[in-house]
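Working through the structure, step by step
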Amino acid sequence: MNNAEVRAARIRPDGKSFRKGREKFFVRGITYGPLAPDGEGRPFAPPEVTARDLDLMVALGANVVRLYTPPAPWLPDLAAERGLVLWVDLPWPHHLCFETAAERAEIRRYVCETVRGLAGHPAIFAWNIANEIPPDVVRWIGPGTVRRFLEELVEAVKEVDPEALCSYANFPPTEYLQPRNLDFVAFNVYLHDRRAFRNYLARLQILADDRPLVLAECGVDSLREGLERQAELLEWQIEEAFRAGLAGITIFSFTDDWHRGGAPVLDWAMGLTTRDRQPKPAWHVVQRQFRRAPAFPLPRTPRVSVVVASYNGAHTLADCLASLERLRYPEYEILLVDDGSTDHTAEIAARFPSVRLLRHERNLGLSAARNTGIAAATGEIVAFTDADCRADEDWLHHLVGALLESDAVGVGGPNFLPPEDSPLAAAVMASPGGPAAVLLTDRLAEHIPGCNMAFYKWALEAVGGFDPVFRRAGDDVDICWRLLQAGHSLVYAPAAVVWHYRRSTVPAYLRQQSGYGEAEALLLRKHPEQFNLWGGSRWRGRIYGTSFPDLHLGRPIIYHGPFGTGWFQTLYSPPPAGWLLLTTALEFHLFVTLPLILLGVAHPWLRVPALAAVLSSIGTCALAAARAPLPRGKRRWWSRPLIALLYFLQPIARGWARYRERLAIRRRTGLPADSLEAVALRRSRVRLDRVDLWSERPVERLALLQSLMAWLEGRGWPLRPDTGWCPFDFEVAEPPWVLVRVVSALEAHPGGKRRLRLRLRAAPSLGMWWGTAFAGLLGLAGIGLVKPSLYAAAATVAAVLAIAGWWFHIQARRACSRLAVALDEFARTHELIRLPWIQTPAKPRGSFTFPARWRRTAERRAARTESPFALPEPPAKPSVPDAPSTTRELS
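Model, not experiment: these values are computed from the prediction. (Residues numbered from 1 in each chain as written. Predicted model: local features only at pLDDT ≥ 70, side-chain atom pairs only at ≥ 80, totals over all residues. Heavy atoms only, no water.)

Here we come to the overall build of the protein chain. Helix and strand counts for the protein chain come out as 27 helices and 32 strands. Residue burial in the protein chain is summarised as follows: out of 891 residues, 54% are buried. Considering only contacts within the protein chain whose residues lie at least 6 apart along the sequence, 74% involve residues at least 24 apart. Of the roughly 40,400 Å² of accessible surface on the protein chain, 59% is carried by carbon and sulfur atoms. (Helix = DSSP H or I, 4+ residues; strand = E, 2+ residues; numbered from the N terminus. Buried < 20%, exposed > 50% of the residue type's maximum accessible area, 1.4 Å probe, protein only. Contact = heavy atoms within 4.5 Å. Areas by Shrake-Rupley, 256 points an atom, 1.4 Å probe, with all protein chains shown as cover.)

Structure below.
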């Protein structure tokens, strides 16, 4: 058999699954041996007995046989004749502390010699480089050292047998041991509680990331559990494994006849057959489940409408539609929304008769296109993918399955790099800013990417669909946040895979990131509570995907001592050092690096901090690039330097677009125009920090605040409500200088009357702080260039602070007066009475006066003089003749 035939015959990983040729291959495995040693000391039965055992495995429905020792020379041929493949363990002494270089070299030599004897054989499914390294050994040697050695063994195997698959059979006590270059993830799991089993599989799917997950061992002891209980447990374990989207399961074991250390094991009976090969009840159950796998039916199959929004996406559209036509789901439709494309989108759609084409005469944006698809959808569930994606054939099966088994209204899945995509696209995939899910737990999600998501149609309609303001991106984030705010939940289905073609050039990638920056500005305006002071999004969960850098600086916590003997261990990783990425932000370059460089021209002692700022940015990019995952076949000498460059350029492109769009929003929509009432109000001597509203009927404070915030938002005021930890009820932004924070209190008065007190407190915004800092740094740089002097520098700083304070005072009064007028208008339209403005005392004359005299003087002046700009007082109401300020006055 030539090399091409061997490659065609061997099984390869494909995302979360395996493929043999064009068809998916699911592992339906059985473990075999070790048996009593033969005459040559090999732990196998004679060929004729082994042939009968293999025939029984074929009758069972198995297609993979796991061996714990290298096979006898004749065994692979016997397996190949019956259509079976072998998963072979490489049994080096991993139960001993292999801590010296000589011991590791000897292990590598043994592994290479063992693999060389069967390299390229079509009956070899995979080489298992080790099985269950004891946690004591791992902790003795060090988890990092053990992981790196296992990765070296994988590389050694690949040098001898390049087309071979490699795995490591891990188990829960060393769950944290995760070699990065394995072809698939294998775990030995023994759990007899169905819910715990299901939850642990969900966790392992997250750990497996973009690789197939296989249960390397799963079995039940019939001596302790009984024959019927063994059959019952194996029945649902097989079903749960395939429902969770695993690539397969291996049952331990074929027979009760197995040996350990050359001696028979008599106190365990985990086989599907007895020692004389008589089937147990579990045999027939496993046989039935293997025949059903992997297509275990869903509880029901609601109709799904798959919506693809495309704008000039002809380059990849044909692959997308072809993949959707091959979906293994009984009831679905495909809706292609052509959003005003000028390419060959319509001609391509005509080649697919099952696709319903909906066309916009002009480009309306991504959200509008998806809303068009929702309106035309006839399914109970609406699924979304993009024109530059192709879906796995079981995509809808896993999306709908995850949705049906939960109370969620939305579900999403991963998007992986297609195997045929270019090395440049692989580098783009490993760079920041790609579409990724944000997970709260192994199942619950805070955000699901727009290229792979599905929702109940009623839920989308309940929140008004997608917001058309998001034309290029951000629509998925907005819809997820609105659904969560409405009290719903989202789930994640790791087996619902789409293949997402990345941008194939650096300019195209930067244009994409620029679009994301514009979307962030729109999201900040609509959901200010989801962003921090610096304009960064506040995620409660963790970002799941290859485009998020693995920047962990702290050591992970692994249990030691008595806790280290626990069966289910985990790796308590420290949170990612996301603060390191601040050194690559546009703001860091503008307000730290650039001023330090300018000041360093005149002040040599600042050149070291300037150099440190530059090196910190470069170092962060280099560190992120070094840790970025790259597929083995896509690595080039330039890949990681390119990733480092993209880590440097992406925050600049995205940040610049974000600020540009925020300014464009203000010009395009902006706050309500200033009014004569607001001008007169801020020129008069009234307190702009207090607005009191009076109600003749009982009202609830929270309901009134909700109505007020909705009314303000409807008139263009950007709001951020209290998130539960803020010292205010809501915050109004007057970009770019001022924030007005509103605090309320409701007083109960006799007769069911209410008084709502509103306190308006102006605070400098981030733009004010940054502007002041930038102006001060520029001033210092100018002084340093002209005439360096400590006194001149101090005077410059004082002048900048004085000007900033004066400017803030003006902008704060402007913002508070505009908001006060808006509150007055709200009162008039909601059957409320705005109580008279509270006068401020006039400034006393003279160098010094006591507070009492100050107050009397102010009262006399207020009585005989009025500002020509003062607003007329509202007419007195019979129900509130004197607008009492306290309940005691009424009584």
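Once you've had a look at it, read on.
Take helix H2 (residues 47-60) next. In this model H2 runs 20 Å from its N-terminal to its C-terminal C-alpha over 14 residues, within 8% of the 20 Å that 1.5 Å per residue would give. Along H2, the positions that sit buried rather than exposed are Thr 50, Ala 51, Asp 53, Leu 54, Met 57 and Leu 60. Along its buried surface, H2 packs onto strand S4 (27-32), strand S5 (64-67), helix H3 (75-81) and helix H10 (281-292). (Expected span 1.5 Å × (residues − 1).)

Counting residues in each nonpolar core, the largest one holds 82 residues, and the members touching the most others are Trp 92, Ile 133 and Leu 150. A per-element tally of this core places helix H6 (residues 143-160) first, with eight residues. With residues near it in sequence (within four places) discarded, Leu 150 still touches Trp 92, Ile 129, Ala 130, Ile 133, Tyr 168, Leu 177 and Pro 179. If you look at the next biggest cluster of nonpolar residues, it comprises 68 residues, including Val 307, Ala 376, Val 382 and Ile 479. (Core = buried A, V, L, I, M, F, W, Y, C linked by side-chain atoms within 4.5 Å.)

This part covers the packing of helix H7 (residues 194-208) against helix H9 (residues 227-243). Packing of H7 against H9 brings their axes to within 10 Å, and their N-to-C directions diverge by 30 degrees. Accordingly, the angle class assigned to the pair H7 and H9 is roughly parallel. The crossing of H7 and H9 is right-handed. Taken together, the residues of H9 that come into contact with H7 (itself represented by Arg 194, Phe 197, Arg 198 and Leu 201) are Trp 236, Gln 237, Glu 239, Glu 240 and Ala 241. (Axes fitted to C-alpha atoms, helices over the stretch in contact; angles between N-to-C directions. Parallel < 35°, antiparallel > 145°, perpendicular 65-115°, else oblique. Left-handed = near helix turned anticlockwise from the far one by under 90°.)

Right, let's get into the packing of aromatic side chains. Overall, the coordinates contain 23 aromatic pairs when judged by the stated rule. Ring geometry for Trp 737 versus Trp 807: centroids 6.3 Å apart, planes at 90 degrees, classification edge-to-face. With Trp 737 in the loop between strand S29 (730-734) and strand S30 (738-749) and Trp 807 in helix H25 (residues 790-829), the pair connects residues that are 70 residues apart, well separated along the chain. Among the residues examined, Trp 807 registers a relative accessible area of 31% and is labelled partly exposed. An aromatic cluster is built from Phe 18, Phe 25, Trp 87, Phe 125 and Phe 184, whose rings are joined through pairwise contacts. Stacked on the ring of Trp 87, the Lys or Arg Arg 66 has its end atom at 5.6 Å from the ring centre. (Phe/Tyr/Trp six-rings, centres within 6.5 Å; stacked < 30°, edge-to-face > 60°. Lys NZ or Arg CZ within 6 Å of the ring centre and 35° of its normal.)

Let's shift gears to the pattern of salt bridges. This structure, assessed with the given rule, holds 55 salt bridges. Between Arg 229 and Glu 225 there is a salt bridge, with its nearest N and O atoms 3.8 Å apart. We classify Arg 229 as partly exposed; its relative accessible area is 29%. Look at Glu 225 and you get partly exposed, because its relative accessible area is 33%. With a closest N to O distance of 2.4 Å, Arg 370 and Asp 475 form a salt bridge. Of this pair, Arg 370 sits in helix H13 (residues 366-376) while Asp 475 sits in helix H17 (residues 475-485), and the two are 105 residues apart along the sequence. Across the pair, Asp 475 and Arg 370 agree in class, each one buried. Among the charged side chains, a salt-bridge network with shared partners connects Asp 14, Arg 19, Lys 24, Arg 328, Asp 392, Glu 393 and Asp 394. (Salt bridge = Lys/Arg side-chain N within 4 Å of Asp/Glu carboxyl O.)

Residues Ile 597, Leu 611, Val 614, Leu 615 and Ile 618 make up a contiguous nonpolar surface patch of about 420 Å² in total accessible area. The element that contributes the greatest number of residues to the nonpolar patch is helix H20 (residues 607-627), accounting for four residues. (Patch = residues over 30% accessible without salt bridge, like charges linked within 9 Å, V, L, I, M, F, W, Y side chains within 5 Å.)

Here we take up the confidence of the model for the protein chain. Confidence in the prediction of the protein chain, expressed as mean pLDDT, is 84, and 87% of residues score 70 or more. Contacts for the low-pLDDT stretch residues 665-669, under 50 throughout, to residues beyond four places or in other chains number nine contacts. (pLDDT = per-residue confidence, 0-100.)

The next subject is the packing of H2 against H10. With their axes 8 Å apart at the nearest point, H2 and H10 run at an angle of 60 degrees to one another. Regarding the angle of H2 to H10, the classification is oblique. Between H2, through Leu 56, Ala 59 and Leu 60, and H10, the contact on the second element is made entirely by Trp 283, Val 286, Gln 287, Phe 290 and Arg 291. For the contact of H2 with H10, the residue count by class is six nonpolar, one polar and one charged. (Nonpolar A, V, L, I, M, F, W, Y, C, P; charged D, E, K, R; others polar.)

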